[in-house]
Amino acid sequence: MQPSLFNPGKISLPQAELDYRTDFLSQAKADALLLCFRQSLNWRQDSIKLYGKVVKIPRLQAWYGDADCTYRYSGLTMTPLPWTEELWELKQRCEQACGHRFNSVLANWYRDGNDSMGWHADSESELGDNPVIASVSLGACRNLDFRHIHSNEKYRIALAHGSLLIMQGATQQYWQHAIAKTRRVSDGRINLTFRYIKA
Ligand SMILES: O=C(O)CCC(=O)C(=O)O
Ligand SMILES: [Mn+2]
C-alpha cells in the first residue's frame with residue numbers, strides 16, 4: 001500500500017470523517033515538544049493478557065487528564081496523571097482546531113520501527129458514540145493504516161512530524177486503524193490522542 005502523502009485536508013472515505021493537517025505545529029514547536037515529552041512524560045511499559053499469556057505491549061505509554069478520567073482497555077486500568085503545562089497547552093490548540101473539548105490524552109512512544117499498535121477502533125464505551133479524537137504526531141513519520149470492518153477497503157496516511165489528524169463522525173464505528181512495524185524506521189515517534197471521556 002502506498003502512503004497518501006499528498007493531499008492534506010479532508011479525506012474522503014465512506015463512513016469516516018478524517019481531516020489531516022500537516023501544518024498544525026511549526027517545525028520548531030514540534031521539535032521542542034518531541035524533546036520535552038520524551039524526557040518529561042511518565043512513560044510506562046504496560047503488559048496485557050493475550051490468549052492467557054502476559055505480553056509487553058510493543059511501545060511505551062502514558063495517560064494524562066482530568067482526575068475523573070480513568071480509562072480501561074484490554075484489561076488495563078489507566079488512572080490519569082495531572083496535566084503538564086505543555087500537554088495542557090497542546091490540548092487547547094487541539095480544542096481550537098477541532099471546535100471540541102477534550103479532557104484526557106493517551107501518549108504513545110514508538111521507540112523505533114519495531115514498536116507498533118495492532119488493529120483496533122477507539123470505541124471504548126467511555127468515549128461515547130461518534131467520538132472526536134485529535135491525534136498529534138511528533139518525530140519519525142509512521143504509516144497509519146485504516147481498514148473498513150465490512151468492505152475491508154484500506155487507506156494509509158503517513159503521519160508527519162507536527163501534524164494533526166482529526167477522526168470523528170462514524171469513523172470508529174466502521175474503521176479500524178493500526179501502526180505496523182517497519183524495518184525502514186529507526187527513530188522514535190510520539191503520538192498523542194486527545195479524547196473526551198464521559199464520567
Ligand atoms: O500512533 C498513532 O498514530 C495511533 C495511536 C492510536 O491509535 C491510539 O492511541 O489509539
Ligand atoms: Mn486508536
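All figures in this text were calculated on a predicted structure; none of them were measured in a lab.

Scoring rules and cut-offs
- Residues numbered from 1 in each chain as written.
- Chains lettered and ligands numbered in written order.
- Predicted model: local features only at pLDDT ≥ 70, side-chain atom pairs only at ≥ 80, totals over all residues.
- Heavy atoms only, no water.
- Helix = DSSP H or I, 4+ residues; strand = E, 2+ residues; numbered from the N terminus.
- Buried < 20%, exposed > 50% of the residue type's maximum accessible area, 1.4 Å probe, protein only.
- Core = buried A, V, L, I, M, F, W, Y, C linked by side-chain atoms within 4.5 Å.
- Contact = heavy atoms within 4.5 Å.
- Near = heavy atom within 4 Å.
- Polar contact = N/O pair within 3.5 Å; in protein donor to acceptor, adjacent residues only side chain to side chain.
- Areas by Shrake-Rupley, 256 points an atom, 1.4 Å probe, with all protein chains shown as cover.
- Nonpolar A, V, L, I, M, F, W, Y, C, P; charged D, E, K, R; others polar.

Novice: I'd like to hear about unusual backbone geometry, residue by residue, with values.
Specialist: The backbone phi angle of Gln 15 is positive, close to 60°, even though this residue is not glycine. Positioned with a positive phi, Asn 152 is a non-glycine residue whose angle comes to about 65°. With respect to the helices, strands and loops of the structure, Asn 152 is situated in the loop between β11 (142-148) and β12 (154-159). Under the relative-accessibility criterion, Asn 152 is labelled partly exposed at 42%.

Novice: Describe the nonpolar core, naming the residues involved and giving the relevant values.
Specialist: In this structure, Phe 37, Leu 90, Val 136, Leu 138, Leu 192 and Phe 194 are the most contacted members of the largest nonpolar core, which totals 30 residues. Top element by residues in this core is helix α1 (residues 27-40). It accounts for 5 residues. Contacts of Phe 194, omitting those with residues within four sequence positions, involve Trp 83, Leu 87, Leu 90, Lys 91, Cys 94, Phe 102, Ser 104, Val 105, Val 132, Ile 133, Ala 134 and Val 136. Ranked by size, the runner-up nonpolar core spans 17 residues in total, among them Leu 18, Met 117, Ile 133 and Phe 146.

Novice: Go over the site of ligand 1 with me, naming the residues and quoting the values.
Specialist: If you check the shell around ligand 1, you find 13 residues, and the closest are Tyr 110, Asp 122, His 177, Arg 189 and Arg 195. Interatomic distance of 3.2 Å between a side-chain N/O atom of Asn 108 and an oxygen atom of ligand 1. For ligand 1, the accessible surface in isolation is 290 Å², of which the surrounding protein chains cover 97%. Where the shell around ligand 1 is concerned, the elements lending two or more residues are β8 (104-110), β9 (117-120), β14 (175-179) and β15 (189-195). Per element, the largest residue contribution to the shell around ligand 1 is 4 residues, and it comes from β15. In terms of residue class, the shell around ligand 1 is made up of 5 nonpolar, 5 polar and 3 charged.

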